[in-house]
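So you can see what is in the structure, the chains are spelled out below.
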Amino acid sequence: MSTHRSKDLRSVTRTATQAQLNRIDDYIPFVMEYVDAEGNPVSVPCCCKKRCVCSFGCGNTLEDTFLISLLLMSVWCMILGFTVLCVHGALESDEGTRVALWAYFWFFLVFVSITIGSVHTTGIVNERTEAQQAELRQKLLDMRDRVEEMEKENQSFKDVLNVSNPVGAGEAKA
């Protein structure tokens with residue numbers, strides 16, 4: 001008789017939704033709700049013509065949304081300021097040198113190379129992560145196989161004990 005089990009007996013649970021993860025971490029995303037005349041919280045109507053919770057900032061808190069917006073605005077203001085500076089320098093320089101345009105071109109190449117480098121580095125990190133996950137999966141499979149072998153050995157040992165010491169024999173002597 002085979003005692004092979006197809007499922008692992010360990011309790012492994014995974015949360016099903018982002019809301020459950022937020023509850024576990026005591027994380028409150030920024031949603032837009034208002035209180036009606038009766039004092040009940042009411043969610044803002046969304047584009048789907050029914051009342052639903054409108055989440056701003058992809059589930060981030062208000063503080064996170066503010067910081068992300070501030071960082072993005074500062075980056076775009078820096079780019080705009082640098083562009084205005086280079087265009088002003090190009091208009092003010094003489095026609096023979098165009099030093100400002102060349103400087104703008106080289107800064108552009110530096111920023112493009114930084115972007116390409118970051119994309120390439122992200123790809124390398126993703127490959128390493130996938131390789132580590134595959135290695136962990138293989139280790140887990142090996143461990144599962146060892147556990148199954150140990151269970152088979154344990155069952156065969158129990159079978160040997162049951163054959164050498166039948167249950168009814170002990171009761172007959174007493």
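Everything below is about the structure shown above.
Residues numbered from 1 in each chain as written. Predicted model: local features only at pLDDT ≥ 70, side-chain atom pairs only at ≥ 80, totals over all residues. Heavy atoms only, no water.

Turning next to the overall build of the chain. Summing up its helical and strand segments, the chain has four helices and three strands in all. For the chain, the N- to C-terminal ordering of α and β elements is α-β-β-β-α-α-α. Relative to its 174 residues, the chain shows a buried fraction of 6%. Looking at the chain as shown, the accessible area adds up to about 15500 Å², and 64% of this sits on carbon and sulfur atoms. (Helix = DSSP H or I, 4+ residues; strand = E, 2+ residues; numbered from the N terminus. Buried < 20%, exposed > 50% of the residue type's maximum accessible area, 1.4 Å probe, protein only. Areas by Shrake-Rupley, 256 points an atom, 1.4 Å probe, with all protein chains shown as cover.)

We now examine the layout of surface pockets. The space that makes up the second largest pocket amounts to roughly 240 Å³. The wall of the second largest pocket is formed by Val-75, Met-78, Ile-79, Phe-82, Thr-83, Tyr-104, Phe-107, Phe-108 and Phe-111. Mapped by element, the contributors of at least two residues to the lining of the second largest pocket are α2 (62-92) and α3 (99-164). Ranked by the residues each element gives to the lining of the second largest pocket, the list is headed by α2, at five residues. Partitioned by chemical class, the residues of the lining of the second largest pocket number eight nonpolar, one polar and no charged. (1 Å grid on protein atoms, 1.4 Å probe; cavity = no way out; pocket = protein on both sides within 12 Å on 5 of 7 lines; lining within 4 Å. Points joined across faces, edges and corners; volume = space filled by probe spheres on them. Nonpolar A, V, L, I, M, F, W, Y, C, P; charged D, E, K, R; others polar.)

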